[in-house]
Amino acid sequence: MKTQVGIVGGGPSGLLLSQLLDLKGIDNVILEKHTREYVLGRIRAGVLEHGFAALMREAEVGERMDKEGEIHDGFYIAHDGICERVDLKGLTGGNSVMIYGQTELTRDLYEAREKIGGKVIHNADDVALHDISTEKPYLTYKVGDEEKRVDCDYIIGADGFHGVSRQSIPKDAIRIFEQVYPFGWLGVLSHTKPVSPEILYAKHPRGFALCSLRSQAMSRYYIQVPLTDKVEDWSDEAFWQELKTRLPGDIADKVITGPSIEKSIAPLRSFVAEPMRFGNLFLAGDAAHIVPPTGARGLNSAASDIYYLYHAMLAHYKQGDDSGLEAYSQKALARVWKAQRFSWWMTNMLHEFPDNSEYEKHLQQTELEYLFSSQNALASAAENYVGLPF
Ligand code: FAD
Ligand code: DHB
């Protein structure tokens, strides 16, 4: 098979790029290792920057998001028994975020790809990248015992953190920056009314907690847990009890509990691979960078990569202008590092670090006090949370 752009990975990054390119008549193929049901079974992000929401509309997949998603003009941080609000709209001159689950967004993208005849190949085994530093890169994959080949102009590595694309770059051509945190997040999805109509981040001596939502009837909660904990260690009852303990009393009293629909533990990691281009391979999304989820930046950073790549591809194919492709890695990384900084800052401010000294604990407390005592500090947090400009 021959195509213009070969995309490895059918997660949100790969699907969004594929959809945008197809709408402009740029031929592309996605190779996805798993089934569609598997991809849709992963409960992940829920907060979209306003710029990402706009990109979804541009990709003609914004209709259900605009109908069922919720615009949030603020979020809360609870600490020391009180709850303070970050007024996103007021602090940013009118910007906000969209609450719409990654699962729903991915479903919309799959349906849109199907509707316009997009080529998404599921169960593509043993995907391998070849000749990526040449003018004629190609992909191979297996369906059963049969090996298939896709020749393309460019390969997009959108296959997540554990994918094959980044691993295909020679070790001496890539630099890795990484920090692993000594805890994870235990997440629970439940069909219950959320305790807070807006997202609430909580700092507590027993550990961080997050009250989020997918709708006013569907809650998503997280608590910080040691890396040694297993999902089986946490009954629903134990989860609800611990969550309530970490919230201010008046809020804890209002938590409506119910059976968990999904329960999983995600380790926290900061990770950046530089550069994001090698030859004619371009990395995008989690394949190139990971943030701890505290600032809700992961999927949003993936979307900004796609924004840059899409415009670079358009300029190349429609105007013969390669400057966007040349600048891609540098442009994408400049924004990625800002998302890294913000996620690292939120994570450090709100979690319990088992090895923190008394001095570091004081600094952590001061960070919170400063945030809520300074309009400038609040404006900076809000500007980052709604998303820096592309
Ligand atoms: P992925 O979603 O990982 O998709 C990669 C795809 O590639 C997968 O479908 C995979 O099956 C496929 N693949 C892998 N290997 C291969 C291979 N060898 N061959 C072919 N295909 C392959 N982000 C936010 O912005 N806001 C949030 O609120 C937020 N909350 C989160 C909460 C949790 C608990 C977690 C875990 C993450 C959260 N994130 C959040 C991060 C967000 O989910 C990711 O950044 C996002 O999924 C990245 O999309 P992607 O398409 O780049 O990668
Ligand atoms: C959610 C996840 C996050 O990482 C976050 O910061 C806010 C919300 C969520 O899954 O809803």
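Each remark here, short or long, concerns the structure printed above.
Residues numbered from 1 in each chain as written. Chains lettered and ligands numbered in written order. Predicted model: local features only at pLDDT ≥ 70, side-chain atom pairs only at ≥ 80, totals over all residues. Heavy atoms only, no water.

Caption draft 1: Structural context of the overall build of the chain. Tallying secondary structure elements over the chain gives 12 helices and 20 strands in all. Its C-alpha atoms give the chain a radius of gyration of 21 Å, near enough to 21 Å, the size a compact globule of 390 residues would have. In terms of overall dimensions, the chain has C-alpha extents of about 60 × 40 × 40 Å along its principal axes. Here the chain, with 390 residues, has 54% of them falling under the buried criterion. Restricting the contact set of the chain to residue pairs at least 6 apart, pairs at least 24 apart contribute 72%. Working note: accessible area of the chain is about 16,800 Å², and carbon and sulfur atoms make up 50% of it. Within the chain, the 54 negative side-chain charges are centred at a point lying 2 Å from the centre of the 41 positive side-chain charges. (Helix = DSSP H or I, 4+ residues; strand = E, 2+ residues; numbered from the N terminus. Rg over C-alpha atoms; globule rule 2.2 N^0.38 Å. Buried < 20%, exposed > 50% of the residue type's maximum accessible area, 1.4 Å probe, protein only. Contact = heavy atoms within 4.5 Å. Areas by Shrake-Rupley, 256 points an atom, 1.4 Å probe, with all protein chains shown as cover. Lys, Arg positive; Asp, Glu negative; His and termini not counted. Charge placed at Lys NZ, Arg CZ, Asp CG, Glu CD.)

Caption draft 2: A look at the site of ligand 1. Inspection of the region around ligand 1 gives 31 residues, with S13, E32, Q102, D286 and L299 positioned closest. A distance of 2.9 Å separates an oxygen atom of ligand 1 from a polar atom in the side chain of H34. At a separation of 2.8 Å, an oxygen atom of ligand 1 approaches a polar side-chain atom of R44. For ligand 1, the accessible surface in isolation is 1,000 Å², of which the surrounding protein chains cover 89%. Residue assignment for the shell around ligand 1 shows that the elements contributing at least two residues are helix 1 (12–23) and helix 9 (298–319). The element that contributes the greatest number of residues to the shell around ligand 1 is helix 9, accounting for 3 residues. Of the residues in the shell around ligand 1, the class split is 12 nonpolar, 12 polar and 7 charged. (Near = heavy atom within 4 Å. Polar contact = N/O pair within 3.5 Å; in protein donor to acceptor, adjacent residues only side chain to side chain. Nonpolar A, V, L, I, M, F, W, Y, C, P; charged D, E, K, R; others polar.)

Caption draft 3: Just the nonpolar core, in detail. L16 and I156 are the most contacted members of the largest nonpolar core, which has 68 residues in total. The biggest single contributor to this core is helix 9, with 9 residues. Discounting residues that sit within four places of it in the chain, I156 has contacts with V5, G6, I7, V8, L17, L281, F282, A284, L309 and M313. Ranked by size, the runner-up nonpolar core spans 33 residues in total, among them I199, L268, A382 and Y385. (Core = buried A, V, L, I, M, F, W, Y, C linked by side-chain atoms within 4.5 Å.)

Caption draft 4: Quick look at the sheet that holds strand 3 (residues 47–49). Strand order in this open sheet of 3 strands is 3-7-4, and the pairing throughout is antiparallel. The open sheet is flanked by strand 3 and strand 4 (70–72), the only strands paired with a single partner. Strand-to-strand twist across the sheet, computed as the mean angle between neighbouring axes with direction ignored, equals 35°. The pairing of strand 4 with strand 7 (residues 97–99) spans 3 bridges and is antiparallel. For I71, the partnering residue across the bridge sits in strand 7 and is M98. (Pairing = 2+ DSSP bridges. Axes fitted to C-alpha atoms, helices over the stretch in contact; angles between N-to-C directions.)

Caption draft 5: Fine view of the packing of aromatic side chains. Per the counting criterion, the structure on display carries 19 aromatic pairs. Ring plane angle 75° and centroid distance 5.4 Å describe the contact between F75 and Y201, whose orientation is recorded as edge-to-face. With F75 in strand 5 (residues 74–79) and Y201 in strand 14 (residues 200–202), this residue pair connects regions lying 126 residues apart in the sequence. Pair check on accessibility: F75 and Y201 agree, each one buried. (Phe/Tyr/Trp six-rings, centres within 6.5 Å; stacked < 30°, edge-to-face > 60°.)

Caption draft 6: Main features of the site of ligand 2. Taken together, 14 residues sit near ligand 2, with Y201, S212, R214, Y222 and P293 positioned nearest. A296 is positioned such that a nitrogen or oxygen atom in its backbone is 3.4 Å from an oxygen atom of ligand 2. In the complex, the protein chains occlude 96% of the 290 Å² of accessible area that ligand 2 would expose alone. For the shell around ligand 2, the elements supplying multiple residues, two or more each, are strand 15 (209–215) and strand 16 (218–226). By residue number, the principal contributor to the shell around ligand 2 is strand 15, which donates 3 residues. Each residue belonging to the shell around ligand 2 can be placed in one class, and the counts come to 8 nonpolar, 3 polar and 3 charged.

Caption draft 7: Up close: the sheet that holds strand 1 (residues 5–8). Strand order across the open sheet formed by 6 strands is 8-2-1-12-19-18, with mixed pairing between neighbours. Every other strand in the sheet has two partners, leaving strand 8 (119–121) and strand 18 (277–278) as the edge strands with one partner each. In this sheet, strand 2 (residues 28–31) lies alongside strand 1 in parallel orientation, the contact comprising 4 bridges. Considered in strand 2, the bridge of V5 is made with N28. Running at roughly 175° to strand 12 (residues 154–157), helix 9 makes contact with strand 1, strand 12 and strand 19 (281–283) of the sheet.

Caption draft 8: Here's a closer look at the pattern of salt bridges. Overall, the coordinates contain 23 salt bridges when judged by the stated rule. Residues D87 and R85 are paired through a salt bridge, measuring 3.9 Å at the closest nitrogen-oxygen approach. On the basis of relative accessibility, which here comes to 32%, the residue D87 falls in the partly exposed class. In this structure, D151 and R149 form a salt bridge, with 2.9 Å as the shortest nitrogen-oxygen distance. (Salt bridge = Lys/Arg side-chain N within 4 Å of Asp/Glu carboxyl O.)

Caption draft 9: Representation of the side chain of R335 in the model. Inspection of the secondary structure puts R335 in helix 10 (residues 323–350). A residue is classified by how much of its surface remains accessible, and R335, at 8% relative accessible area, is buried. At 3.3 Å, the side chain of R335 forms a polar contact with the side chain of S304. If we ignore the near neighbours within four places in the chain, the residues touching R335 are E49, N300, S304, Y308, G387, L388, P389 and F390.

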